[in-house]
Amino acid sequence: MEFKTLEIIQRDPSVSVFHIYLNRPSQNNALSLPFFDELPKALSLLDDDPSVSVIVLSGRGRHFCSGIDLSALGSVTSSSGSDAGRSRERLRRSIRGLQSSISAVERCRKPVLAAIHGACVGGGVDLAAACDVRYCCEGAFFSVKEVDLAIVADLGTLQRLPRIVGYGHAAELALTGRRFSAAEAREMGFVSRVFSTADAMDESVGAIAREMAGKSPLALMGAKAVLLRSRDQTVEDGLDYVATWNSSMLISEDLDEALSAHLHKRKPTFSKL
């Protein structure tokens, strides 16, 4: 499948890691309307492919993502017709469609790792927050920028960021729109690790993804599903969900292979999902 705003690459045919690149470097990977159409399609394509175990999301050019393309914002907010109620309903439907595109990262059963360099601003934070794990390099910087454009961030940051960094940090960032550094992102837990350069990040995140891809695909899929479900539930509800999950998924060839490999001190080999 050909994409205008994305590029999908499998660097090593022997490793089940695929890379999605935001591919509008001349626009600093600003999120255009075609992007919101293409991202769910790309993720669905990789989700359905049994040879894919892990996905790494990053950006071409100088920046990860400079936010939503202002022309896209203008297209979404432009109203037509004399009926204010119907105009607002069309706007709400458009916003929900954009939200669904970002949420496609969570709907994808495979783990999605974000590798962030340069700017991660506005919609870039929405996108990164939807990923399962985030990494960045020292030159990266972040901003929940929407408040400076007189809008409320509406693509997921205000829902996901408090669960990642805590309510206090999220509120301060969203209400000020200030820029925060890679070091501060690491300190508050938005990113898991900070690397010295973009090249070092690319190499290290690739190694992490390869190691992850060597694990049982059933276990990876289950861990992601249970983490997301438990995030939005009480502890007891989360425990009940994982008990139900494992009662149907625990007994598998992957379990037998993992135990055998551990017993014989060898690396396990799992079937594709």
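Now for a quick tour of the structure. (Residues numbered from 1 in each chain as written. Predicted model: local features only at pLDDT ≥ 70, side-chain atom pairs only at ≥ 80, totals over all residues. Heavy atoms only, no water.)

**Some remarks on the packing of aromatic side chains**
- Evaluation of the coordinates by the stated rule reveals 4 aromatic pairs.
- Residues Tyr135 and Phe195 carry aromatic rings whose centres are separated by 6.2 Å and whose planes lie at 50° to one another, so their mutual orientation is tilted. With Tyr135 in strand β6 (residues 133-137) and Phe195 in strand β9 (residues 193-195), the pair connects residues that are 60 residues apart, well separated along the chain. Summarising the burial analysis for this pair, Tyr135 and Phe195 share the class buried.
- Each residue in the set Phe142, Phe180 and Phe190 is aromatic and connected to the rest through ring pairs, giving one cluster. (Phe/Tyr/Trp six-rings, centres within 6.5 Å; stacked < 30°, edge-to-face > 60°. Helix = DSSP H or I, 4+ residues; strand = E, 2+ residues; numbered from the N terminus. Buried < 20%, exposed > 50% of the residue type's maximum accessible area, 1.4 Å probe, protein only.)

**Focus on the packing of helix α4 (residues 123-130) against helix α5 (residues 157-165)**
- As a packed pair, α4 and α5 sit with axes 9 Å apart at the nearest point and diverge in direction by 55°. With respect to each other, α4 and α5 are oriented oblique. Relative to α5, the crossing made by α4 is left-handed. Taking contact as the criterion, the partners of Val125, Asp126, Ala129 and Ala130 in α4 are, on α5, Thr157, Arg160 and Ile164.
- For the contact of α4 with α5, the residue count by class is 4 nonpolar, 1 polar and 2 charged. (Axes fitted to C-alpha atoms, helices over the stretch in contact; angles between N-to-C directions. Parallel < 35°, antiparallel > 145°, perpendicular 65-115°, else oblique. Left-handed = near helix turned anticlockwise from the far one by under 90°. Contact = heavy atoms within 4.5 Å. Nonpolar A, V, L, I, M, F, W, Y, C, P; charged D, E, K, R; others polar.)

**Overview of the sheet that holds strand β8 (residues 179-181)**
- On the basis of which strands lie adjacent, the open sheet formed by 3 strands has the order β5-β7-β8 and mixed pairing. Edge strands, defined here as strands with exactly one partner in the open sheet, are β5 (119-121) and β8. Across the sheet, the mean angle from the axis of one strand to that of its neighbour is 25°, orientation sign disregarded.
- Sheet analysis places β5 next to strand β7 (residues 141-143), joined by 3 bridges and oriented parallel. The partner of Val121 across the bridge, within β7, is Ser143. (Pairing = 2+ DSSP bridges.)

**Points about the sheet that holds β6**
- Taken in spatial order, the 6 strands of this open sheet run β1-β2-β3-β4-β6-β9, and their pairing is mixed. Strands at the two margins of the open sheet, each flanked by one partner only, are β1 (6-9) and β9. Within the sheet, the average angular offset between the axes of one strand and its neighbour, ignoring direction, is 20°.
- In terms of strand pairing, strand β3 (residues 54-59) meets strand β4 (residues 112-116) through 3 bridges, oriented parallel. Its bridge partner lying in β4, Leu57 is registered against Ala114.
- Strands in contact with helix α8 (residues 198-213) are β2 (17-22), β3, β4, β6 and β9; relative to β4, the strand with the most contacts, it is inclined by about 170°.

**A closer look at the packing of helix α3 (residues 84-107) against α4**
- α4 packs onto α3 with a crossing angle of 25° between their chain directions and a minimal axis gap of 8 Å. Classified by the angle their axes make, α3 and α4 are roughly parallel. Remark: the crossing between α3 and α4 carries right-handed chirality. Residue-level inspection shows Ile102, Val105 and Glu106 of α3 in contact with α4, the latter providing Asp126, Leu127 and Ala130.
- Broken down by class, the residue content of the contact of α3 with α4 amounts to 4 nonpolar, no polar and 2 charged.

**So, α3**
- Between its first and last C-alpha atoms α3 spans 33 Å; for 24 residues at 1.5 Å apiece the expected length is 34 Å, and the two agree.
- Listing the buried residues of α3 in full gives Ser87, Leu98, Gln99, Ser101, Ile102, Ser103, Ala104, Val105 and Glu106.
- Among the structural elements, α1 (33-48), α2 (70-77), β4, α4, α5 and α9 (217-231) are those in contact with the buried residues of α3.
- At the N-terminal end of α3, a side-chain oxygen is found 2.9 Å from the backbone nitrogen of Gly85, two or three residues along, and the residue is Asp83. (Expected span 1.5 Å × (residues − 1). Polar contact = N/O pair within 3.5 Å; in protein donor to acceptor, adjacent residues only side chain to side chain.)

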